[in-house]
Amino acid sequence: MTTILVYGDSNSHGTIPLQRLGQAARFAPQHRWPAVMADRLGPEIRVIDEGLPGRTTVHDDPIEGGARNGLAVLPAVLLSHAPLDLLVLMLGTNDLKSRFSITAWEIARAVERLVVTARTELPGLDIMIIAPAPVREVGSLKDVFVGAEARQSGLTAHLARVAETQGCGFVDASTHIEVSMVDGVHWEARAHVSFGTAMADLVAARLKGRT
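The following refers to the structure shown. Quick caveat, the model's predicted, so the values are computed rather than measured.

1. Overview of unusual backbone geometry
A negative phi angle is the norm for most residues apart from glycine, just as the trans form is the norm for most peptide bonds. Between Ala-82 and the following residue, Pro-83, the backbone shows a cis peptide bond with an omega angle of 5°. One non-glycine residue, Ser-101, lies in the positive phi region at around 50°. Here Ser-101 shows up in the loop between strand 3 (86-90) and helix 4 (104-121). A relative accessible area of 59% places Ser-101 in the exposed class.

Here it is in structure tokens:
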């Protein structure tokens, strides 16, 4: 069976847009984009959803705490699910929080480090990088992401260059969906359906190209 691992943050986890801070509601399993993708890909392809709210690329979170450093836990996650045919990597949104104060170029370099680390653990692993949909400084999370709209400038282009350099597939999420204006970060239900549907086609084409 072909196995795909989705390694992401709250938008892969299926977090519902937050009306207020402290909420932790989540869409039903079948309504999250990785599940929508899996349903369209069919029963011969297994999709494992490893989405964690607040996950960063390479940073420990000094405020929220938890095992949110994506680099720190990536080797264990990969090896626990191996063998894998494809890693779908969508991180970088949480790096835009003002507490980290880093540039779009640095976020892209951090994603590249994840790619290199993944292939160190599983040599030859095929990877697709997804550039997250741009955040908006609105709603319940606007104070958490102060300055994010400026800091994310150029991120998609930087990630596209990383994908090209590392021989990864590349998807720009913003060509398919946009964030909710409720909190400026998370996706509405229709966006999960739209993105999962689009990703099914893109992943199927990538897998077919390898055969």
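2. Considerations on the pattern of salt bridges
Counted according to the given criterion, the structure contains 7 salt bridges. In this structure, Glu-64 engages Arg-68 in a salt bridge whose closest nitrogen and oxygen atoms are separated by 3.7 Å. Judged by its relative accessible area of 19%, Arg-68 falls in the buried class. One salt bridge in this structure joins Asp-126 and Arg-206, with 2.9 Å as the shortest N-O distance. Here the residue Asp-126 occupies a position in the loop between helix 4 and strand 4 (127-131), and Arg-206 occupies one in helix 7 (residues 189-210), the gap between them amounting to 80 residues. One network of salt bridges, in which partners are shared, links Asp-61, Glu-64, Arg-68, Lys-97 and Arg-99.

3. Focus on the pairing of strand 1 (residues 2-8)
Here strand 1 lies mainly inside the structure; 6 of its 7 residues are buried. Here 5 bridges tie strand 1 to strand 3, and the two strands are oriented parallel to one another. The residue of strand 3 that forms the bridge with Tyr-7 is Leu-89.

4. Looking at the nonpolar core
Core analysis: the largest hydrophobic core is formed by 37 residues, its most contacted members being Leu-78, Leu-87, Leu-89, Leu-125, Ile-127, Ile-129 and Phe-145. Elements that contribute at least two residues to this core include exactly strand 1, helix 3 (70-81), strand 3, helix 4, strand 4 and helix 6 (155-166). With 7 residues, the top contributor of residues to this core is helix 4. Core analysis: the next-biggest nonpolar cluster, separate from the first, contains 24 residues, Leu-41, Ala-133, Trp-187 and Ala-200 among them.

5. Observations concerning the side chain of Arg-32
With respect to the helices and strands, the residue Arg-32 is situated in the loop between helix 1 (10-13) and helix 2 (33-41). Buried and unpaired, Arg-32 has no salt bridge, with Asp-49 as the nearest side chain of opposite charge at 5.1 Å. From its side chain, Arg-32 meets the backbone oxygen of Phe-27 in a polar contact 2.8 Å long. Other than its neighbours up to four places away in sequence, Arg-32 contacts His-13, Gly-14, Arg-26, Phe-27 and His-192.

6. Re the packing of helix 4 against helix 6
At a minimum axis distance of 8 Å, the contact between helix 4 and helix 6 shows a crossing angle of 30°. Considering their axes alone, helix 4 and helix 6 lie roughly parallel with respect to each other. Like other packed secondary-structure pairs, helix 4 and helix 6 cross with a definite hand, here right-handed. Contacts between helix 4 and helix 6 involve Ala-104, Trp-105, Ile-107, Ala-108, Val-111, Glu-112, Val-115, Val-116 and Arg-119 from the first element and Leu-155, His-158, Leu-159, Val-162, Thr-165 and Gln-166 from the second.

Parameters at a glance
Residues numbered from 1 in each chain as written. Predicted model: local features only at pLDDT ≥ 70, side-chain atom pairs only at ≥ 80, totals over all residues. Heavy atoms only, no water. Helix = DSSP H or I, 4+ residues; strand = E, 2+ residues; numbered from the N terminus. Buried < 20%, exposed > 50% of the residue type's maximum accessible area, 1.4 Å probe, protein only. Salt bridge = Lys/Arg side-chain N within 4 Å of Asp/Glu carboxyl O. Pairing = 2+ DSSP bridges. Core = buried A, V, L, I, M, F, W, Y, C linked by side-chain atoms within 4.5 Å. Lys, Arg positive; Asp, Glu negative; His and termini not counted. Polar contact = N/O pair within 3.5 Å; in protein donor to acceptor, adjacent residues only side chain to side chain. Contact = heavy atoms within 4.5 Å. Axes fitted to C-alpha atoms, helices over the stretch in contact; angles between N-to-C directions. Parallel < 35°, antiparallel > 145°, perpendicular 65-115°, else oblique. Left-handed = near helix turned anticlockwise from the far one by under 90°.

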